[in-house]
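Structural description and commentary
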There are 2 protein chains.
Amino acid sequence: MREIVAVPLTREAFAPFGDVIEVSAAATRYMINGGNTERFHDLASLAPGPDGRVIVSIFRGQPRPIPFEITMMERHPLGSQAFMPLSGRPYLVVVAQATGTPDAADLAAFLAGPGQGVNYAPGVWHHPLLALEEISDFLVLDRAGPNPNCEEIDLASPARVFL
Amino acid sequence: MREIVAVPLTREAFAPFGDVIEVSAAATRYMINGGNTERFHDLASLAPGPDGRVIVSIFRGQPRPIPFEITMMERHPLGSQAFMPLSGRPYLVVVAQATGTPDAADLAAFLAGPGQGVNYAPGVWHHPLLALEEISDFLVLDRAGPNPNCEEIDLASPARVFL
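Basis of the calculations
- Residues numbered from 1 in each chain as written.
- Chains lettered and ligands numbered in written order.
- Predicted model: local features only at pLDDT ≥ 70, side-chain atom pairs only at ≥ 80, totals over all residues.
- Heavy atoms only, no water.
- Salt bridge = Lys/Arg side-chain N within 4 Å of Asp/Glu carboxyl O.
- Helix = DSSP H or I, 4+ residues; strand = E, 2+ residues; numbered from the N terminus.
- Buried < 20%, exposed > 50% of the residue type's maximum accessible area, 1.4 Å probe, protein only.
- Pairing = 2+ DSSP bridges.
- Axes fitted to C-alpha atoms, helices over the stretch in contact; angles between N-to-C directions.
- Core = buried A, V, L, I, M, F, W, Y, C linked by side-chain atoms within 4.5 Å.
- Contact = heavy atoms within 4.5 Å.
- Least-squares fit on C-alpha atoms with pLDDT ≥ 70 in both.
- Buried area = accessible area lost by both parts, 1.4 Å probe.
- Polar contact = N/O pair within 3.5 Å; in protein donor to acceptor, adjacent residues only side chain to side chain.
- Nonpolar A, V, L, I, M, F, W, Y, C, P; charged D, E, K, R; others polar.

Moving on, we get to the pattern of salt bridges. Scanning all chains against the criterion turns up 18 salt bridges over all chains. Two residues, Arg143 of chain B and Asp51 of chain B, come together in a salt bridge whose shortest N-O distance is 3.0 Å. With a gap of 92 residues between them, Arg143 of chain B in strand E14 (residues 136-144) and Asp51 of chain B in the loop between strand E5 (37-41) and strand E6 (53-61) connect regions that are remote in the sequence. Here Arg143 of chain B falls in the buried class, since its relative accessible area comes to 10%. On the basis of relative accessibility, which here comes to 39%, the residue Asp51 of chain B falls in the partly exposed class. When salt bridges with common partners are traced through the structure, they connect Glu3, Glu69 and Arg160 of chain A into a single cluster.

Below you can see the structure in the form of structure tokens.
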């Protein structure tokens, strides 16, 4: 079985899969509200598709055991999906590029910090929410609209992710 | 000077101004991810307008002194604006209904808990971000698009908000 050690989440490493939503010197940023507030502007490509709209939800996830066995992946071909942690805890992100059907060799695993969100580009394969340590809430930005927007596949052979 | 004691933020009390974004038994909710995750679905009316799009940013606000003197208000006529706290701290929300130009008598003040976001409906008057206690980050969902989308007014006489 393939064993993967999750690496720290960075914008550069995650770029093939989407955006990292975080306070960063790399962001467009400027002061507003009379100098009280710094705005880190437009941090992700939210893509609801031409016939969809962006909606906001909260996902409350049970923590996963570590090491965690990855047996399946999913994706949303019609829209992006973003997760921002609200509980001040790290979480795992397991992805594969949108092209083709992934197997264990195609997976990448990231450890996201408590101040880091991710936005999966449309069609990017990802594992469902992987909270750690305790029950954790995430703000989720995804798509509402017509037509089915979730594909799931079982991996031919599983992978095991370590921190 | 009008003195206002902030009241706890609730969906019912905030309804004239927009949405409260929170885990709530009143939300549409269902289990996903094989029973791992509960989805509290579509919690706010994100309204970017016909020629706008929803964008996601992070606002980092300095804490405000309490009591806080309200001397001005602003609004975004073309789109909604949502704030979700990321720092696990309460914050203040000061609003007035979209109709007319507010004075101190028209203001309502709410104390939002660390798990509560707000979404101002288009045109609803509100005070800029009112973080409390420490520097605090908020995820912000608002509008990008053509045409000016911020109006500010100075109140004829200020108001003072207490916790």
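Residues Ile66 of chain A and Pro67 of chain A are joined by a peptide bond in cis, for which omega reads 0°. Tracing the backbone shows Pro67 of chain A in the loop between strand E6 (53-61) and strand E7 (68-75). The backbone of Glu133 of chain A sits at a positive phi, close to 75°, despite the residue not being glycine. Of note in this structure, Asn33 of chain B is not a glycine but carries a positive phi near 55°.

In spatial order, the strands read E3(A)-E11(A)-E8(A)-E14(A)-E6(A)-E5(B)-E4(B); together these seven strands make up an open sheet with antiparallel pairing. Edge positions in the open sheet fall to strand E3 (18-21) of chain A together with strand E4 (28-32) of chain B, since each of these has one partner strand only. Averaged over neighbouring strand pairs, the angle between their axes works out to 20° when direction is ignored.

Glancing now at the nonpolar core. Formed by 28 residues in total, the largest nonpolar core has its most connected members in Ile21 and Leu139 of chain A together with Ile21 and Leu139 of chain B. When residues of this core are traced back to their parent elements, those giving at least two are E6, strand E8 (81-85) and strand E14 (136-144) of chain A together with E6, strand E8 (81-85) and E14 of chain B. Sequence-distant contacts of Leu139 of chain A, defined by excluding residues within four places in its chain, comprise Val56, Ser57, Ile58, Ala82, Phe83, Met84 and Leu86 of chain A together with Ile21, Met84 and Leu139 of chain B.

Another point: the relation of the copies chain A and chain B. Relative to chain B, chain A is turned by 180° and slid 0.0 Å along the rotation axis, the superposed coordinates differing by an RMSD of 0.0 Å. Interpreted geometrically, this transformation is the action of a two-fold axis. Across chain A, the rotation axis passes nearest the C-alpha of Leu86 of chain A, at a separation of 2.8 Å. A shared interface surface links the copies, since 100% of the contact residues of chain A are contact residues in chain B too.

Ordered in space as E4(A)-E5(A)-E6(B)-E14(B)-E8(B)-E11(B)-E3(B), the seven strands form an open sheet in which the pairing is antiparallel. Across the chains shown, the open sheet's two edge strands, defined by having one partner strand only, are strand E4 (28-32) of chain A together with strand E3 (18-21) of chain B. Within this sheet the neighbouring strands show an average axis-to-axis angle of 20°, counted without direction. Where E8 of chain B and strand E11 (residues 117-120) of chain B come together, three bridges link them in antiparallel fashion. Within the sheet, the bridge partner assigned to Gln81 of chain B lies in E11 of chain B and is Tyr120 of chain B.

With that settled, consider the interface of chain A and chain B. Tallying the contact residues gives 35 residues for chain A and 36 residues for chain B. The three residues of chain A that bury the most area against chain B are Asn36, Val56 and Ile58 of chain A, which together make up 20% of that side's buried surface. On inspection of chain A and its partner chain B, the count reaches four salt bridges. With a closest N to O distance of 3.2 Å, Asp42 of chain B and Arg53 of chain A form a salt bridge. Across the chain A-chain B interface, the total number found is 20 residue pairs in polar contact (both at pLDDT 80 or more). If one sorts the elements of the side of chain A that touches chain B by residue count, E6 of chain A sits on top with nine residues. The class makeup of the residues in the side of chain A that touches chain B is 19 nonpolar, seven polar and nine charged. Of the strand pairs in this sheet, strand E5 (residues 37-41) of chain A and E6 of chain B are connected by four bridges, and their pairing is antiparallel. Counterpart to Thr37 of chain A in the pairing with E6 of chain B is Gly61 of chain B.

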